[in-house]
Amino acid sequence: MTQRLSISAIIFFVVMILLGVYFAFAAVQGPSGILRRVQLQAETQDLAQQRDKLQAEVDRMRNLTRRLSNDYLDLDLLDERARDVLGLVRADEIIIR
């Protein structure tokens, strides 16, 4: 009977060790593990940078839109945009591309 207890004790400890290894692996590699968290933080930083770039572009477009509105008309900007869209140049201008 002593031998049975030791075999069952060994099986119990082996099962416990395997469960411990499984949970440790899941804590590191699993869907909510440490490596996934690091990956999500990196993606969050990339998306924040993209958001900031897009916000800067939106701000630039808002500024241009405001400068071409009825309330505030920037004649230089209007002239520049009209000549760019229509492809017109003055006789005294030199175009460098």
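Everything here concerns the structure above.
Within each chain, residue numbers correspond to sequence positions counted from 1 in written order. Under the rules for a predicted model, residues below a pLDDT of 70 receive no local features and side-chain atom pairs below 80 are neither given nor counted, while totals for whole chains, interfaces and linings still include all residues. Processing note: side-chain calculations cover all non-hydrogen atoms of the structure and skip hydrogens and water entirely.

A. Structural view of the overall build of the chain. What the chain contains, in helices and strands, is three helices and zero strands. By definition, any uninterrupted DSSP run of H or I lasting at least four residues is a helix, any uninterrupted run of E lasting at least two residues is a strand, and each is numbered from the N terminus. Reading the helices (α) and strands (β) of the chain from amino to carboxyl end gives α-α-α. Only C-alpha atoms enter the radius of gyration; for comparison, a globular chain is expected to reach 2.2 Å times N to the power 0.38, where N is the number of residues. Relative to the globule expectation of 13 Å for 97 residues, the C-alpha radius of gyration of the chain, 34 Å, shows a markedly less compact shape. Within the span of the chain, comprising 97 residues, buried residues form 4% of the whole. Just so you have it, the chain exposes about 9,200 Å², and 62% of that area is on carbon and sulfur atoms. Relative accessibility decides the category of a residue: with a 1.4 Å probe and only protein chains considered, values under 20% of the type maximum give buried, values over 50% give exposed, and everything between is partly exposed. Using a 1.4 Å probe, the Shrake-Rupley method yields the accessible areas, and only the shown protein chains count as cover for residues.

B. View of the packing of aromatic side chains. Working definition: a ring pair exists when centres of Phe, Tyr or Trp rings (six-membered ring for Trp) sit within 6.5 Å. Plane angles under 30 degrees give stacked, over 60 give edge-to-face, the rest tilted. Here the structure, examined in full by the defined rule, presents two aromatic pairs. Ring centres 5.6 Å apart and planes at 65 degrees place the aromatic pair F12 and F13 in the edge-to-face group. Given the relative accessible area of 46%, F12 is considered partly exposed. Pairing Y22 with F23 gives two aromatic rings, centres 5.3 Å apart and planes at 65 degrees, and the pair type is edge-to-face. Like Y22, the residue F23 is exposed in the burial classification. Geometrically, a charge over a ring is one whose NZ (Lys) or CZ (Arg) sits within 6 Å of the ring centre while staying within 35 degrees of the ring normal. One cation-aromatic arrangement involves R66 over Y72; the distance from NZ or CZ to the ring centre is 4.7 Å.

C. View of the pattern of salt bridges. Only one rule defines a salt bridge in this text: a Lys or Arg side-chain nitrogen within 4 Å of an Asp or Glu carboxyl oxygen. Counting across every chain of the model gives six salt bridges. For the salt bridge of R51 with D52, the shortest nitrogen-to-oxygen distance reads 3.1 Å. With a relative accessible area of 52%, R51 lands in the exposed category. R62 is paired through a salt bridge with D59; the nearest N and O atoms lie 3.9 Å apart. Highlighted residues: R62 and D59, both in helix α2 (residues 34-67), separated by three residues, approximately one helical turn.

D. Region of interest: helix α3 (residues 75-86). A helix is expected to span 1.5 Å for every residue after the first. An ideal rise of 1.5 Å per residue puts 16 Å on twelve residues; α3 measures up with 16 Å between its terminal C-alpha atoms. Any N or O atom pair separated by 3.5 Å or less is treated as a polar contact, with the protein-specific requirement of one donor-capable and one acceptor-capable atom, and with residues adjacent in sequence counted only for side-chain atom pairs. One side-chain oxygen at the N-terminal end of α3 lies 3.3 Å from the backbone nitrogen of D76; it belongs to D74. Positive phi shows up at G87, right after α3, with a value of about 75 degrees.

E. Up close: a nonpolar patch on the surface. Together, I7, I11, F12, F13, V15, M16, I17, L19, V21, Y22 and F23 make up an exposed nonpolar region whose accessible area comes to about 1,100 Å². By the element assignment, I7 lies in helix α1 (residues 2-29). In this structure I7 comes out as partly exposed when scored by relative accessible area, which is 48%. Patches in this entry comprise residues that are over 30% relatively accessible and not in a salt bridge; like charges within 9 Å are linked, as are nonpolar side chains (Val, Leu, Ile, Met, Phe, Trp, Tyr) within 5 Å.

F. Representation of the layout of surface pockets within the structure. Using a grid of 1 Å spacing that covers the protein atoms alone, one calls a set of points a cavity when a 1.4 Å probe fits there but cannot get out, and a pocket when the set is open and has protein on both sides within 12 Å along at least five of seven lines; lining residues are those with an atom within 4 Å of a point. Grid points are joined across faces, edges and corners, and a volume is the space filled by probe spheres set on the points. Approximately 180 Å³ is the volume attributed to the largest pocket. E80, R83, D84, G87, L88, V89, I95 and R97 are the residues that line the largest pocket. When residues are grouped by polarity, Ala, Val, Leu, Ile, Met, Phe, Trp, Tyr, Cys and Pro land in nonpolar, Asp, Glu, Lys and Arg in charged, and all others, Gly among them, in polar. In terms of residue class, the lining of the largest pocket is built from three nonpolar, one polar and four charged.

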